[in-house]
Amino acid sequence: MRYVSTRDNSSIPSQKTFTEIFLSGLAPDGGLYLPEAYPRVTRAELDAWRKLSYADLAFAVLSKFIDDIPADDLKRLVDKTYTAAVYCNGRAPEKAAEITPVHWLEPGLGLLELSNGPTLAFKDMAMQLLGNLFEYVLTKRGETTNILGATSGDTGSAAEYAMRGKRGIRVFMLSPHNRMSAFQRAQMYALQDANIFNIAVRGMFDDAQDIVKAVFNDACFKAEYSIGAVNSINWARVAAQVVYYFKGYFAGTRNNDDEIAFAVPSGNFGNICAGHIARMMGLPIGRLILATNENDVLDEFFRTGCYRPRSTTETFVTSSPSMDISKASNFERFVFDLVGRNPSLIRTLWAKVDAGGSFDLASSEYADHFRHLPEFGFVTGKSTHADRLRTIRDIYARYGVMVDTHTADGLKVAAEHRRPDMPTLVLETAQPAKFEETITEALGIAPPRPESMRGIEALPQRVEVMNVDADAVKRFIAAHCRPA
Ligand SMILES: Cc1ncc(COP(=O)(O)O)c(C=O)c1O
Ligand SMILES: N[C@@H](CCOP(=O)(O)O)C(=O)O
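- Looking at an unreviewed UniProt entry, the protein chain carries the name Threonine synthase, with the source organism given as Dentiradicibacter hellwigii.
- The record held by UniProt for the protein chain lists under Sequence similarities (unreviewed entry) the comment "Belongs to the threonine synthase family."
- Entered under Catalytic activity (unreviewed entry) in the UniProt record, the comment concerning the protein chain runs "O-phospho-L-homoserine + H2O = L-threonine + phosphate".

**Digging into the pattern of salt bridges**
Okay, so step 1: Enumeration according to the criterion identifies 37 salt bridges in this entry.
Okay, so step 2: Of the charged contacts in the structure, one is a salt bridge between glutamate 332 and arginine 7, with a shortest N-O distance of 2.9 Å. Pair noted here: glutamate 332 is in helix α14 (residues 331-338) and arginine 7 is in the loop between β1 (3-5) and α1 (18-24), with a separation of 325 residues, a long-range link.
Okay, so step 3: Of the residues examined, glutamate 332 reaches a relative accessible area of 1% and is grouped as buried.
Okay, so step 4: For arginine 7, a relative accessible area of 11% gives the class buried.
Okay, so step 5: Across the salt bridge formed by arginine 141 and glutamate 143, the nearest N and O atoms sit 3.3 Å from each other.
Okay, so step 6: Residues participating in the shared-partner salt-bridge network are Asp296, Glu300, Arg308, Arg310 and Lys382.

**Quick word on the UniProt feature "domain: Tryptophan synthase beta chain-like PALP" (unreviewed entry) in the protein chain**
Okay, so step 1: Cross-referencing UniProt, the feature "domain: Tryptophan synthase beta chain-like PALP" (unreviewed entry) maps to residues 112-320 in the present numbering.
Okay, so step 2: Here residues 112-320 runs as 44% helix and 19% strand, with 18 Å between its end C-alpha atoms.

**Structural notes on the site of ligand 2**
Okay, so step 1: With respect to spatial proximity, 13 residues lie near ligand 2, and among them Thr151, Ser152, Asp154, Thr155 and Ser232 are the closest.
Okay, so step 2: Between ligand 2 and asparagine 231 there is a distance of 2.8 Å, counted from an oxygen atom to a side-chain nitrogen or oxygen.
Okay, so step 3: Coverage of ligand 2 by the protein chains reaches 96% of its 340 Å² of free accessible surface.
Okay, so step 4: Across the shell around ligand 2, the residue classes break down as 2 nonpolar, 8 polar and 3 charged.

Thresholds applied
Residues numbered from 1 in each chain as written. Chains lettered and ligands numbered in written order. Predicted model: local features only at pLDDT ≥ 70, side-chain atom pairs only at ≥ 80, totals over all residues. Heavy atoms only, no water. UniProt positions renumbered as here; feature names shortened; annotations may be inferred. Salt bridge = Lys/Arg side-chain N within 4 Å of Asp/Glu carboxyl O. Helix = DSSP H or I, 4+ residues; strand = E, 2+ residues; numbered from the N terminus. Buried < 20%, exposed > 50% of the residue type's maximum accessible area, 1.4 Å probe, protein only. Near = heavy atom within 4 Å. Polar contact = N/O pair within 3.5 Å; in protein donor to acceptor, adjacent residues only side chain to side chain. Areas by Shrake-Rupley, 256 points an atom, 1.4 Å probe, with all protein chains shown as cover. Nonpolar A, V, L, I, M, F, W, Y, C, P; charged D, E, K, R; others polar.

As structure tokens, then:
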């Protein structure tokens with residue numbers, strides 16, 4: 001398997017191995033890596049995979065994307081990652097052994113539980129694997145890395161928990177100052193590990209993500225400080241997320257002729273991008289239901305063809321804060337497929353985006369590409385604070401299930417697009433404990449939290465507050481990487 005950049009328009013595109021793109025994160029031309037062609041799954045494979053445990057399924061799926069790590073080693077890494085002990089969230093071992101169980105709310109509508117990992121959000125599904133992969137690859141090569149990431153609330157803690165205490169790895173995580181829930185802040189800022197550095201930027205997630213990209217685009221700095229990525233710009237994150245679409249499909253259907261719909265609360269387009277890739281591999285996904293909160297850039301695109309990222313001042317701070325994103329990184333991967341994998345066109349479109357502008361694929365100039373959109377199976381919708389409260393109350397009253405604010409957005413939009421002939425799984429992306437204030441507003445009771453997370457908000461916190469300034473971030477990294 002070789003990988004190409006979405007922006008590589010040279011006559012002979014540079015082809016990279018999995019390990020190369022895993023360590024480099026963003027491509028040097030500013031694009032995102034994708035397989036040169038998606039691997040396909042055969043009917044015989046689907047039949048065999050239906051019976052597999054999560055770890056065995058992860059090995060089968062990831063082996064399609066990773067061919068430069070010996071199979072025995074990859075199997076060991078995957079087995080070490082996907083255990084009931086890691087994804088238990090206080091549940092009984094039999095329940096936890098499933099790793100991503102489906103909780104059926106009623107016939108044809110279920111929650112695919114993805115947030116039972118150590119930090120109570122779906123990010124743990126891929127991030128725990130990344131922690132083990134980084135450790136393995138770096139040890140083999142005798143190298144170290146300085147991870148630079150951006151978070152709107154959940155990637156940060158998932159990355160820090162996955163990397164804390166790991167030799168040869170430092171994590172520098174940018175988060176939007178005062179924009180996450182108190183629980184999310186405490187999960188990250190209360191960590192005292194010597195290899196973890198939290199930086200709160202006076203801006204939104206998009207500002208933090210822009211800084212990450214600016215640092216990656218400084219080739220000299222990136223090389224000197226061995227900068228690595230854990231955001232979904234890193235293909236390994238997306239690849240690991242593909243696995244649970246397969247697992248969910250098998251749990252939600254009776255046989256491999258059935259189609260399924262997945263409803264996905266979306267922000268940076270990483271989670272649903274993995275669903276798109278599973279579908280491109282041949283998994284019978286009938287619908288990808290994309291749900292946004294009030295930050296509805298993606299919903300707008302799928303309805304109108306216009307991709308119009310908003311500025312920081314136009315981005316709302318909402319009660320599903322992890323989705324407060326107006327410039328979705330992974331959207332570039334999807335548009336690359338939509339426009340027939342044309343890197344020159346991606347360069348043209350993203351030159352506009354990177355200059356603060358927008359593009360309209362429905363305009364006559366691009367209409368040829370846009371008419372293919374229905375082939376990709378997306379339907380979309382948005383949810384507001386009032387919708388969120390109503391959905392949380394309704395789901396609790398009808399099924400006795402407490403859902404978090406992001407999952408509520410997914411459920412709200414799923415209800416608008418559900419079809420009676422197709423089971424729908426809503427991806428449960430976080431535990432309600434992470435968003436206590438809004439759950440209490442909706443239900444009048446606080447959500448339960450694991451014993452280990454009681455009172456974390458009162459712990460001492462360690463965080464550096466900075467302006468939105470890529471050079472200041474570089475100086476901070478350099479100062480903390482100097483030998484003692
Ligand atoms: C709880 C939660 N739900 C949904 C999302 C949106 O996922 P994505 O950014 O992959 O679209 C995020 C952030 O990524 C999240 O943390
Ligand atoms: N919602 C995310 C934002 C970053 O997304 P990623 O998938 O690119 O890491 C978060 O919680 O940080």
